Amino acid sequence: QLVESGGGLVPAGGSLRLSCAASGRTASPYSMGWFRQIPGKEREFVAHIGWAGRRTYYADSVKGRFTISRDNAKNTVYLRMNKLKPEDTAVYYCAARADPLGSSDGSVYDVWGQGTQVTVSS
């Protein structure tokens with residue numbers, strides 16, 4: 001089970017840090033990804049991180065502003081979001097994949113969280 005937290009309302013240019021905690025049995029090693037979705041639009045890849053935390057990959061739209069990291073001792077992955085823009089407004093989901101390498105393809109992830117709302121005001 002994955003549980004996201006940290007969403008909220010923030011003005012443009014502000015920052016938020018999302019957390020995603022995994023509980024229960026986890027199939028190690030596993031990679032993690034963050035995705036987002038606006039109502040009426042398709043889910044969009046944001047970032048992913050490999051099991052060891054050394055390999056990360058970002059969507060062009062967030063590169064240089066967002067940072068994904070993980071703490072395997074806490075079974076938690078984070079998404080630090082800086083310089084937020086109104087177009088970052090969405091429901092953010094974390095996902096876990098029973099593979100040490102992450103992917104930008106949401107269909108390969110095995111478990112998804114319930115999502116957390118991020119709203120950036122202009």
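See the structure shown above.
Just so you know, the residues in each chain are numbered from 1, in the order the chain's sequence is written. Under the rules for a predicted model, residues below a pLDDT of 70 receive no local features and side-chain atom pairs below 80 are neither given nor counted, while totals for whole chains, interfaces and linings still include all residues. Heavy atoms throughout the structure, all of them, feed into the side-chain values; hydrogens and water do not.

On to the pairing of strand S8 (residues 76-81). Remember that side chains alternate between the two faces of the sheet whenever the strand is regular. Exposed residues in this analysis have more than 50% of their type's maximum accessible area, buried residues have under 20%, and partly exposed residues fall in between, with area computed by a 1.4 Å probe over protein chains only. Where helices and strands are cited, they refer to DSSP runs of H or I of at least four residues and of E of at least two residues respectively, numbered from the N terminus. Counting buried positions along S8 gives five out of six residues, so the element sits mostly inside the fold. As defined by bridge partners, strand S3 (residues 16-22) adjoins S8 across six bridges and the pair is classed as antiparallel. Residue pairing for S8: leucine 18 is matched across the bridge by leucine 79. Between any two strands, pairing holds if DSSP finds at least two bridges. Where strand S7 (residues 66-71) meets S8, six bridges bridge the pair, whose relative direction is antiparallel. From the neighbouring strand, phenylalanine 66 faces S8, where its bridge partner is methionine 81.

Let us look at the nonpolar core. Put simply, buried Ala, Val, Leu, Ile, Met, Phe, Trp, Tyr and Cys residues joined by side-chain atoms within 4.5 Å make one nonpolar core. Counting 31 residues, the largest nonpolar core has Trp34, Leu79, Met81 and Tyr92 as the members making the most contacts within it. Those elements that place two or more of their residues in this core are S3, strand S4 (31-37), strand S5 (44-49), S7, S8, strand S9 (90-97) and strand S11 (116-121). At five residues, S9 tops the list of elements feeding residues into this core. Residues contacting tyrosine 92, with those up to four places away along its chain left out, are Glu4, Leu18, Trp34, Phe35, Arg36, Val46, Phe66, Leu79, Met81, Gly115, Thr116 and Val118. Working rule for contacts: check all heavy atoms of both residues, and any pair within 4.5 Å makes them a contact.

No statement about biological role is implied by the geometric values presented.
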